[in-house]
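Structural features, examined
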Amino acid sequence: MSPSVPLQEMIRAIRSARTQCEERGVIQRECAAIRAQFRQVDNGARSHNLAKLLYVHMLGYPAHFGQMECVRMIASPRYSEKRVGYLGAMMLLDEKQDASLLITNSIKNDLSHSNQYVQSLALCTLACMGSAEMCRDLAPEIDRLLRASNSYIKKKAALCAVHIVRKVQDLGELFAPAARSLLSEKNHGVLHGAVVLITELCERNPEALERFRKTVPDLVQIMKSLVISGYSPEHDVAGISDPFLQVRILRLLRILGRNNEAASDAMNDLLAQVATNTDSTKTVGNAVLYETVLTVLDIKSESGLRVLAVNILGRFLLNNDRNIRYIAMTSLQRIVGTDHIAVQRHRGTIVDCLKDQDASVKRRALDLSLALVSASNIRSMMKELLLFLSSCPPELRAQAASGIFNAAERYAPSQRWHIDTILHVLTTAGGDVRDETVPNLIQLITNTSELHCYTVHKLYRALLTDISQQSLVQVACWCIGEYGDLLLRGECQETEPVQVTEDDVLDALETVLQSHMSSPATRGFALTATMKLSTRITDNVDRIRSIVSIYGSCIDVELQQRAVEYNALFKKYDHMRAAVLERMPVIEKNSPGHTNGESAGEAIKEIQPAKVKQAEPLLPQQPANQVCDLLDLLGGSEEPLQPSPAQSSTAPGLPINTASSAGGDLLDLLGGLEPTPTAPAPSVTVYDKGGVTLTLSCEKQSDTGLTVTLTASNSTDSDISGFTLQAAVPKSVQLHMKAPSGDFLPARGAAKVIQMVVLNNPNKVNLKMRIRISHSSQGSAFQDTVQIDSFPGL
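Residues numbered from 1 in each chain as written. Predicted model: local features only at pLDDT ≥ 70, side-chain atom pairs only at ≥ 80, totals over all residues. Heavy atoms only, no water.

Looking at the overall build of the chain
A count of helical and extended segments in the chain gives 36 helices and 12 strands. Residue burial in the chain is summarised as follows: out of 794 residues, 51% are buried. Here the analysis covers contacts within the chain between residues at least 6 apart in sequence; of these, 67% occur between residues at least 24 apart. When the accessible surface of the chain is totalled, it reaches about 36,700 Å², and 50% of it is carbon and sulfur. (Helix = DSSP H or I, 4+ residues; strand = E, 2+ residues; numbered from the N terminus. Buried < 20%, exposed > 50% of the residue type's maximum accessible area, 1.4 Å probe, protein only. Contact = heavy atoms within 4.5 Å. Areas by Shrake-Rupley, 256 points an atom, 1.4 Å probe, with all protein chains shown as cover.)

Written as structure tokens, this is what we have:
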């Protein structure tokens with residue numbers, strides 16, 4: 001290819017290449033010719049060659065050897081060469097290239113050029129690739145051009161000033177007076193640049209924000225003229241006069257009116273006028289309306305105006321465009337905590353969006369529907385949510401189940417309804433529920449003694465229907481083990497009488513034990529339920545003994561240990577079996593805000609401190625001889641036995657059976673191993689901001705060891721997700737953070753998150769701790785830091 005071919009012919013040759021190798025060959029030959037001509041002193045085709053090189057650069061091939069040619073062409077007196085040179089500088093140079101510093105003087109000279117188009121080239125290049133050093137050197141020239149008489153130059157200079165402010169924030173004060181004067185311009189391009197510049201200044205400098213609040217009347221007047229003006233062919237887009245400028249002004253008004261009563265009052269009438277007069281049938285009008293809604297919701301607006309904004313979002317929900325529906329639900333999610341009643345009016349439309357085909361719209365509709373649940377609509381909303389749960393995508397099932405559990409815990413109209421709802425969820429999506437659902441449901445069942453018969457009948461039927469849902473099977477096995485005698489009576493006022501025999505119940509439990517779908521934990525529930533039935537039935541005790549003995553050689557160690565312990569109860573301690581397998585006592589709730597999201601460990605700590613908790617945590621705290629006595633509790637058995645088979649057989653987090661019978665009190669068997677009740681460690685509030693409260697309590701383990709317990713709660717009306725705590729201490733202090741109890745804080749203090757931190761201070765330095773708090777609420781992320789200089793109890 002000849003090096004003098006025009007750009008069009010080079011493009012044609014490249015496009016006609018049949019393979020990538022052929023294309024590379026064409027480009028390499030042309031680049032070699034361009035290099036040769038760049039080396040010539042007197043070259044009349046420099047702009048022509050640089051244009052071809054820029055096209056090569058756009059295809060992704062290296063073109064860095066043209067950087068110096070760009071610098072030479074920018075310094076040329078000819079406009080045609082300057083234009084290509086500046087274009088090449090914007091494409092081939094950036095602030096990291098040393099060659100960019102060489103064009104600073106050329107740009108400064110061109111900013112004072114008599115030709116407005118040369119000035120425009122220099123302004124565009126500086127705004128595109130100007131470094132911080134270039135911005136500092138040329139900022140006075142830009143300020144001078146902001147005061148020029150030419151509207152074309154003022155528009156370019158305003159946008160260049162935006163780039164300078166972003167690069168060097170301190171230079172914002174230089175442009176503030178000129179930016180204020182630009183608001184009196186009639187040219188829409190200048191106004192648009194001025195609004196963008198003022199917005200940038202206000203976002204970066206609180207002092208500038210206070211200064212520009214005085215411009216609210218000017219901005220309101222400009223916006224009114226745009227709204228009430230007639231047809232303007234120069235700026236009209238689908239019947240809206242300059243929607244781009246309107247959107248920019250609304251964004252600036254949102255910044256100026258935030259947390260300011262006077263500025264908000266000055267723009268209330270304007271926002272109402274825009275909201276009522278803007279055409280919502282076109283996408284352009286919807287864009288203006290959406291910005292208006294965001295402004296209304298972000299400033300201190302009147303209640304009627306906020307209702308109008310929510311109604312606009314309600315109309316968006318009826319739009320055929322899924323993007324508009326999505327942003328409407330995103331906005332409603334942000335305000336449902338503050339304008340709950342106004343959002344409730346659109347509940348039907350929001351629930352209908354659960355049937356949308358788009359996954360992202362479904363997710364937003366689910367979040368919003370869960371936020372709209374209240375005591376007055378719990379029954380109707382739960383019907384819709386349960387219907388959605390049965391057909392929702394797998395990726396949304398866990399979120400839907402968790403939200404239903406929280407709503408049922410908070411607003412359940414009756415305990416029977418609460419139990420039915422949770423059982424429905426377990427039947428539908430038992431594999432997607434949280435791990436703590438099983439112990440929480442068991443606690444709920446134990447507290448409703450009048451519904452024990454109804455619950456065990458319903459769970460037995462569910463167990464016969466489907467044993468694939470592990471959470472449901474675990475709860476069913478637990479209830480059958482505890483209340484099997486009620487099941488065998490066959491009398492239940494709430495359900496149709498069904499005659500269930502002892503063999504039927506044992507067959508169902510054996511099916512669970514032998515099923516390949518049962519997890520080891522589920523088999524443990526079923527084996528313990530079978531063992532508990534030995535004290536509740538009379539004719540099939542031998543069958544139970546044979547079932548238990550089979551699992552004494554099970555490959556699963558946990559199941560084998562339970563079976564060995566139960567065999568020992570049958571053989572050597574049969575007189576104690578009735579006491580050990582007595583029905584579980586009622587589990588009391590000390591915290592009224594206990595929810596499904598609360599960890600089991602916290603629930604144990606709140607139960608009566610005089611009772612024995614789980615046996616395992618007690619072992620390391622006892623002297624060696626007492627440990628041996630504890631392990632040899634049932635003396636001479638083939639395997640070491642746990643103090644309470646009932647404890648190991650139930651869900652984690654439930655207290656040991658404390659009932660007594662003729663065999664004696666079970667607690668007496670532990671012979672003085674009960675922990676001495678101690679006064680709770682003093683706690684202090686170390687953080688209270690935005691509805692999130694963090695309290696701290698300490699427990700000294702040794703001379704240098706300290707356990708710090710951090711407890712977080714949420715008193716706002718919206719749930720908090722992704723809650724994490726990070727801690728930092730002096731270098732000489734060793735820190736170990738244990739796993740938190742969760743990362744979800746329900747609204748109104750319904751549950752807490754507990755974080756244990758173990759500190760070791762061998763040098764006994766002055767102890768300090770810095771904690772970083774991170775969480776998300778209503779789609780926004782928050783982060784804050786608090787320093788703790790003193791610890792209670794030290």
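With respect to helix H11 (residues 172-182)
Along H11, the residues classified as buried are Gly-172, Phe-175, Ala-176, Ala-178, Ala-179 and Leu-182. Looking at the buried positions of H11, the neighbouring elements they touch are helix H9 (132-146), helix H10 (151-167), helix H12 (188-204) and helix H13 (206-212).

Some words on the pattern of salt bridges
Under the criterion given, the structure shown has 35 salt bridges. The partner of Arg-536 in a salt bridge is Glu-482, with the nearest N and O atoms 4.0 Å apart. Taken together, the positions of Arg-536 in the loop between helix H30 (520-532) and helix H31 (541-550) and Glu-482 in helix H28 (residues 470-489) put the pair 54 residues apart, joining distant regions of the chain. Glu-482 carries the same exposure label as Arg-536, and that label is buried. With a shortest N-O distance of 2.7 Å, Arg-545 and Asp-542 are connected by a salt bridge. You can see Arg-545 and its partner Asp-542 sitting in helix H31, three residues apart, about one turn around the helix. With relative accessibility at 31%, the residue Arg-545 sits in the partly exposed group. (Salt bridge = Lys/Arg side-chain N within 4 Å of Asp/Glu carboxyl O.)

Digging into the side chain of Gln-474
Assignment of secondary structure puts Gln-474 in helix H28. Judged by relative accessible area, which is 12%, Gln-474 ranks as buried. Not counting chain neighbours up to four residues away, the residues in contact with Gln-474 comprise Val-438, Ser-519, Ala-521, Thr-522 and Phe-525.

Points about the packing of helix H25 (residues 415-429) against helix H26 (residues 437-446)
Contact geometry for H25 and H26: axes closest at 11 Å, N-to-C directions at 155°. By the criterion of interaxial angle, the relationship of H25 to H26 is roughly antiparallel. Along this stretch, H25 crosses H26, giving a crossing that reads as left-handed. Between H25, through His-418, Ile-419, Ile-422, Leu-423 and Leu-426, and H26, the contact on the second element is made entirely by Thr-437, Leu-441 and Leu-444. Residue composition of the contact of H25 with H26, by class: six nonpolar, two polar and no charged. (Axes fitted to C-alpha atoms, helices over the stretch in contact; angles between N-to-C directions. Parallel < 35°, antiparallel > 145°, perpendicular 65-115°, else oblique. Left-handed = near helix turned anticlockwise from the far one by under 90°. Nonpolar A, V, L, I, M, F, W, Y, C, P; charged D, E, K, R; others polar.)

Section: the sheet that holds strand S12 (residues 780-788)
Spatial ordering of the open sheet is given by S8-S11-S12, a layout of three strands whose pairing is antiparallel. Lying at the two open borders of the sheet, with one neighbouring strand each, are strand S8 (721-728) and S12. Adjacent strand axes in the sheet meet at a mean angle of 15°, parallel and antiparallel pairs treated alike. Across six bridges, S8 lies against strand S11 (residues 769-777) in antiparallel orientation. Residue pairing in the sheet places Thr-724 in a bridge with Ser-774 of S11. (Pairing = 2+ DSSP bridges.)

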